[in-house]
Amino acid sequence: PHSGQGGHAYLREWLWWAGLLCMGVGEAANFAAYAFAPATLVTPLGALSVLVSAVLSSIFLNEQLNVHGKIGCILSVLGSTVMVIHAPQEEEVSSLESMAEKLKDPGFIVFAVCVLASSLLLIFVAGPRYGQSNVLVYVLVCSAIGSLSVSCVKGLGIALKELFSGKPVLKEPLGWVLLVCLVICISIQLNYLNKALDIFNTSVVTPIYYVLFTTAVMTCSAILFKEWQHMVLDNIIGSISGFLTIVSGIFLLHAFRDMPFTPNLLPLFLQPGRADPHLPWSSADRHQSCQHQPLLPSEDKGSQSAEEEEEK
């Protein structure tokens, strides 16, 4: 049961824990993807999970997937394909030493300080005042902290690759620091995302969270790994276009989820009664003609009486 106040009642539900376990397995696979591919490519492809969940819920939970939802699914697949084709190439980071050099970059330090400062303001200042009424407060916290968690995941993926290759990674302090930061970031993300989902509708939270989180991760990756530095203009336009296409698909999939789509919303020439020219007029036309019918005889009667008076 949802408290509607951003509480922690969900912690007593076994179904929530089962869902959390499944999410953990999925995030483990996501973790592996970050170790081998640019974050700017991996994060937007998370839209496919939204698509799969929509399709599976329509199959197993008997939720209706209307025309808007189906168009949204198609747009998400097309946008993901475009993003894969125009994927950016990150600078090669093959060791924790090179990762440490990138973390010391002034641009990333400024970005991380801005993220932490804005998150603290949102949590302690904006949260108590506007958290119950504005969906952006908690979602912005999740998105901002999530961009840092992706950087930690990237570093830990590099550490695991070095560990499997036989290097003494466990003696490196950076790996443990990244692990602690990742646990803290994920805990904050889960807490405030569940608060947002507890207070607001899922169809509102999901598309906003996806757009803000992906934008934050792409910004962080562009600063940290210089993923956009060596891209030609065609690939930049293609990546942005693919991302906006995915955003459009996610918006259509969730914003109009509860809106029934009836044939009356179609243009007249596409409605079932208009498809065949040999069919009689629709009831709406007959009703409209009945409305105009009293006006026409009265005008005729008036003209006829005027003609009779002139003849007399």
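As annotated in an unreviewed UniProt entry, the chain is NIPA2 protein from Tichodroma muraria. In the Subcellular location (unreviewed entry) part of its UniProt record, the chain is described as follows: "Membrane".

Visitor: A description of the side chain of Ser 119 should follow, citing residues and the corresponding values.
Guide: The residue Ser 119 is located in helix H6 (residues 106–130) in this model. For Ser 119, the residues in contact, after removing those within four places along its chain, are Val 141, Ala 144 and Ile 145.

Visitor: Any details on the packing of helix H7 (residues 136–164) against helix H9 (residues 202–224)? Residues and values, ideally.
Guide: Each packed pair of helices is defined by two parameters, the angle between the axes and the distance between the axes. Packing of H7 against H9 brings their axes to within 8 Å, and their N-to-C directions diverge by 35°. Read as a crossing pair, H7 and H9 show a hand that is right-handed. Judged by residue contacts, Leu 136, Val 139, Leu 140, Cys 142, Ser 143, Gly 146, Ser 147, Val 150 and Ser 151 of H7 engage Val 205, Ile 208, Tyr 209, Leu 212, Phe 213, Ala 216, Val 217, Cys 220 and Leu 224 from H9. Grouping the amino acids of the contact of H7 with H9 by side-chain chemistry returns 14 nonpolar, 4 polar and no charged.

Visitor: Quick one: what's the story with the layout of surface pockets, residue by residue and with numbers?
Guide: Picture a little ball the size of a water molecule; that probe, rolled over the atoms, points out where space is still empty. Taken as a whole, the second largest pocket encloses approximately 420 Å³ of empty space. If you trace the second largest pocket, you find 18 residues lining it, with Ala 112, Leu 116, Leu 148, Cys 152 and Cys 181 closest to the centre. Elements with a contribution of two residues or more to the lining of the second largest pocket: H6, H7 and helix H8 (173–199). Ranked by the residues each element gives to the lining of the second largest pocket, the list is headed by H8, at 7 residues.

Visitor: Describe helix H10 (residues 233–255), listing the residues and the values that go with them.
Guide: End to end, H10 covers 32 Å across 23 residues, agreeing with the expected 33 Å (1.5 Å per residue, within 8%). Those residues of H10 that fall on the buried side of the exposure criterion are Gly 238, Ser 239, Gly 242, Phe 243, Ile 246, Val 247, Gly 249, Ile 250, Leu 252, Leu 253 and His 254.

Visitor: Provide a residue-level description of the nonpolar core, including the pertinent values.
Guide: Core analysis: the biggest nonpolar cluster contains 46 residues, and Leu 148 and Val 205 have the highest contact counts within it. For this core, the element with the most residues is H7, which contributes 14 residues. Each of domain 1 (30–88 + 233–259) and domain 2 (89–230) contributes no fewer than three residues to this core. Those residues in contact with Val 205, other than ones at most four positions away along the chain, are Val 135, Val 139, Leu 193, Ala 196, Leu 197 and Phe 200. Ranked by size, the runner-up nonpolar core spans 12 residues in total, among them Ala 54, Cys 73, Phe 243 and Val 247.

Visitor: Account for the packing of aromatic side chains, with residues named and values stated.
Guide: All chains considered together, the criterion is met by 2 aromatic pairs. Taking the centre distance of 5.5 Å and the plane angle of 35° together, the rings of Tyr 138 and Tyr 192 count as tilted. Of this pair, Tyr 138 sits in helix H7 while Tyr 192 sits in helix H8; the two residues are 54 residues apart in sequence, bridging distant segments of the chain. Relative accessible area serves as the criterion here: at 9%, Tyr 138 is assigned to the buried category. Plain terms: the ring middles of Tyr 209 and Phe 213 are 5.5 Å apart, the flat faces sit at 20° to each other, and that makes the pair stacked. Of the two residues, Tyr 209 and Phe 213 both sit in helix H9, 4 residues apart, roughly one turn of that helix. In this structure Tyr 209 comes out as buried when scored by relative accessible area, which is 17%. Overall, Phe 213 belongs to the buried group, its relative accessible area being 15%.

Scoring rules and cut-offs
Residues numbered from 1 in each chain as written. Predicted model: local features only at pLDDT ≥ 70, side-chain atom pairs only at ≥ 80, totals over all residues. Heavy atoms only, no water. UniProt positions renumbered as here; feature names shortened; annotations may be inferred. Helix = DSSP H or I, 4+ residues; strand = E, 2+ residues; numbered from the N terminus. Contact = heavy atoms within 4.5 Å. Axes fitted to C-alpha atoms, helices over the stretch in contact; angles between N-to-C directions. Left-handed = near helix turned anticlockwise from the far one by under 90°. Nonpolar A, V, L, I, M, F, W, Y, C, P; charged D, E, K, R; others polar. 1 Å grid on protein atoms, 1.4 Å probe; cavity = no way out; pocket = protein on both sides within 12 Å on 5 of 7 lines; lining within 4 Å. Points joined across faces, edges and corners; volume = space filled by probe spheres on them. Expected span 1.5 Å × (residues − 1). Buried < 20%, exposed > 50% of the residue type's maximum accessible area, 1.4 Å probe, protein only. Core = buried A, V, L, I, M, F, W, Y, C linked by side-chain atoms within 4.5 Å. Domains from an automatic or database assignment. Phe/Tyr/Trp six-rings, centres within 6.5 Å; stacked < 30°, edge-to-face > 60°.

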